[in-house]
Structures are given as C-alpha cells and as structure tokens.
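Fold and contact review
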Amino acid sequence: MPVYMFNKPRGYITACRDSQRATIMDCLPESLRGLHPVGRLDVDTEGLLILTDDGRLDNLLMQPGRKVEKCYFFLAMGRLDDEGISALESGIELYHTGNTACQAKVELVGYSRVRDHIAYYPQSKLSKWMKNPDGCVSAGYLTITEGKKHQVKLMIKSTGCHVFYLKRVRIGGLKLDPELPLGGVRELTDSELEAICADYTRIIAPHTPDQANY
C-alpha cells in the first residue's frame, strides 16, 4: 500500500479540491492526485503531511485516543518564559475557547529579534510588526497528541506569544526528511512506515520490497 511523505508549503489548503483556493493537490504530479492527506495543516503552516489512499491510516494516526505525537517547530513573537513553558506542559487553555489542551512537551531553542525574521512576515503585517524590530522572538518545538483546530497557535497565544511561523517536523516516529524540498513528495521506505507507529503492520498489508523507495 503506497504511502507518501509531502513537505507542504505555506499558501496551500489541505484539501483534495477547492473552487477558489490552491490546494496541496496543485503541488503533486497528476499520478498522485488520487491520494488524500492524513490529517491537515493550516494554510500558513508548512511541513510534514502523509498522503495515502488507505483510510485506515487516518484512524491509526489521527484518533485522539491513540495519542500519536505530532511535533512542530515554531517562531513566535514574545518571550516564552519558564512560566509559559510550565503551563504548556501542564495542559493550557486554548486561547479564549474554554477548552483545555492535553499536556504537551516543549523544547525551547532560544531567542532572537523581530528584525531577524522579515522573510517570514506577510506583507500586510510587515510595517506593523517592524515597529519594534528589537522585540523578542521565541523559537522552539512543541509536541502534542491532539489535533484541534489551530491548536498550537492557540496554546502558544495563551502564554502571551504570537506564532508567525509553524512547521510540522514529526508524526509519531516519522520525521520530515530534511532533504525533501518544500512542495516535494516521495514514497516512504519500509523503515519509515514502521516508524509511524508500532501498530502499523497490524492494520495494513506490509509494504513489499519492490515498492520501497530507498
């Protein structure tokens, strides 16, 4: 059963078709447009998407009860401090929704300045955000086991920070290939299939050697 890794660029919605906006299918060769995405990423979020034609994989990876980890790299305006990290790790309220997220894992990479990330800002926000070029930007990784709408952005917003760049880098044991360019797609290898989840081989037929892409 073919399963593919896709490095989603910003500006594309995670859908198979849309009458008004560009979808991830516009990035794919015609031969792969019969596949569907497992889960979704926001239009302005980059990174790892899994594509397949087997609906059972959705159940394996996206049901909340399975607690499959999804890891995101983020850049956010504001200083994510120890108090904010502790709140994220304890289970923080999703900003102004009344819902509480499950406990998360946080790895703070470090701090930089607003002026260091101009390339990531939309033109509509550039003049506003550059009014404080020395403002703090926090960089890090957030790992969650849920998939609520805008979840990572809302979690971090509840700490007083504002995400302006988000990239999914891992689903379960499957990591985004750093050599795969934005908009690139390739078939998973046998070892990558196994890395998705220990239960994988119990619910779909094994990937045959001649299908592997080494």
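In what follows, the structure referred to is the one given above.
Bear in mind that the values here come from a model prediction, so they are computed numbers and not experimental data. Within any chain, residue numbers begin from 1 and follow the written order of that chain's sequence. The model is predicted, so local features are restricted to residues of pLDDT at least 70 and side-chain atom pairs to those at 80 or more, both for listing and for counting; the totals for chains, interfaces and linings are taken over all residues. Each side-chain value is worked out from all heavy atoms of the structure, with water and hydrogens disregarded.

**What to know about the overall build of the protein chain**
Our working definition: Secondary structure is summarised from DSSP: a helix means a run of H or I of at least four residues, a strand means a run of E of at least two, and numbering begins at the N terminus for each. Each radius of gyration is computed over the set of C-alpha atoms, and the globule rule expresses the reference value as 2.2 Å times the number of residues to the power 0.38. Burial classes: relative accessible area under 20% of the type maximum marks a residue as buried, over 50% as exposed, and values in between as partly exposed (1.4 Å probe, protein chains only). For this analysis, residues touch if any pair of their heavy atoms sits within 4.5 Å. For accessible areas, the Shrake-Rupley method is used with a probe of radius 1.4 Å. Any residue's cover is judged against the shown protein chains and nothing else. Under the counting rule used here, the positive set is Lys and Arg, the negative set is Asp and Glu, and His together with the chain ends is not counted. By convention, the charge on Lys lies at NZ, on Arg at CZ, on Asp at CG and on Glu at CD.
Across its full length, the protein chain carries 6 helices and 9 strands. Relative to the globule expectation of 17 Å for 214 residues, the C-alpha radius of gyration of the protein chain, 18 Å, shows essentially globular dimensions. With the principal axes as the frame, the protein chain shows a C-alpha extent of 55 × 35 × 30 Å. Of all 214 residues assigned to the protein chain, the portion counted as buried reaches 47%. Partitioning the intrachain contacts of the protein chain with sequence separation of at least 6 by distance along the chain shows that 67% fall at a separation of at least 24. A total of about 11000 Å² of accessible surface is found on the protein chain, and carbon and sulfur atoms cover 49% of it. Once the 27 positive and 27 negative side-chain charges of the protein chain are each reduced to a mean point, those two points are 6 Å apart.

**Some remarks on the environment of cysteine 136**
If you trace the backbone, cysteine 136 turns up in strand E6 (residues 136-144). Discounting chain neighbours no more than four positions away, the residues touching cysteine 136 are Ala76, Met77, Gly78, Arg79, Tyr111, Ser112 and Arg113.

**A word on the side chain of threonine 145**
Position of threonine 145 among the secondary structure elements: in the loop between E6 and helix H4 (151-157). Judged by its relative accessible area of 17%, threonine 145 is buried. Setting aside residues up to four positions removed in sequence, threonine 145 forms contacts with Pro64, Lys67, Val68, Glu69, Lys70 and Cys102.

**Some remarks on the pattern of salt bridges**
Basically, it comes down to this: A pairing counts as a salt bridge when a side-chain nitrogen of Lys or Arg comes within 4 Å of a carboxyl oxygen of Asp or Glu.
One pass over the full model with this rule turns up 12 salt bridges. Residue aspartate 18 is joined to arginine 21 by a salt bridge in which the shortest nitrogen-to-oxygen separation is 4.0 Å. For aspartate 44, the salt bridge goes to lysine 153, with nearest N and O atoms at 2.6 Å. One end of the pair, aspartate 44, is in the loop between strand E2 (36-38) and strand E3 (46-52); the other, lysine 153, is in helix H4, with 109 residues separating them in the sequence.

**Comments concerning the packing of aromatic side chains**
Geometrically, a pair of aromatic rings is defined through the distance of the ring centres and the angle of the planes. Using the following cut-off: Two rings from Phe, Tyr or Trp (for Trp, the six-membered ring) form a pair when their centres are within 6.5 Å of each other. A pair whose planes differ by under 30 degrees is stacked, one over 60 is edge-to-face, and the rest are tilted. Remark: a charge is flagged as sitting over a ring if the NZ atom of Lys or the CZ atom of Arg is within 6 Å of the ring centre and within 35 degrees of the ring normal.
For the coordinates displayed, the defined rule picks out 6 aromatic pairs. Residues tyrosine 121 and phenylalanine 164 carry aromatic rings whose centres are separated by 5.0 Å and whose planes lie at 75 degrees to one another, so their mutual orientation is edge-to-face. Residue tyrosine 121 is located in the loop between strand E5 (105-113) and helix H3 (123-129), and its partner phenylalanine 164 is located in strand E7 (residues 162-171); the two are separated by 43 residues in the primary sequence. Residue tyrosine 121 is classed as buried on the basis of its relative accessible area, which comes to 5%. In this structure an aromatic cluster arises from ring pairing among Phe73, Tyr120, Tyr141 and Tyr165. Its end group placed over the ring of tyrosine 111, arginine 79 keeps NZ or CZ at 3.9 Å from the ring centre.

So yeah, pure geometry; function would need other evidence.
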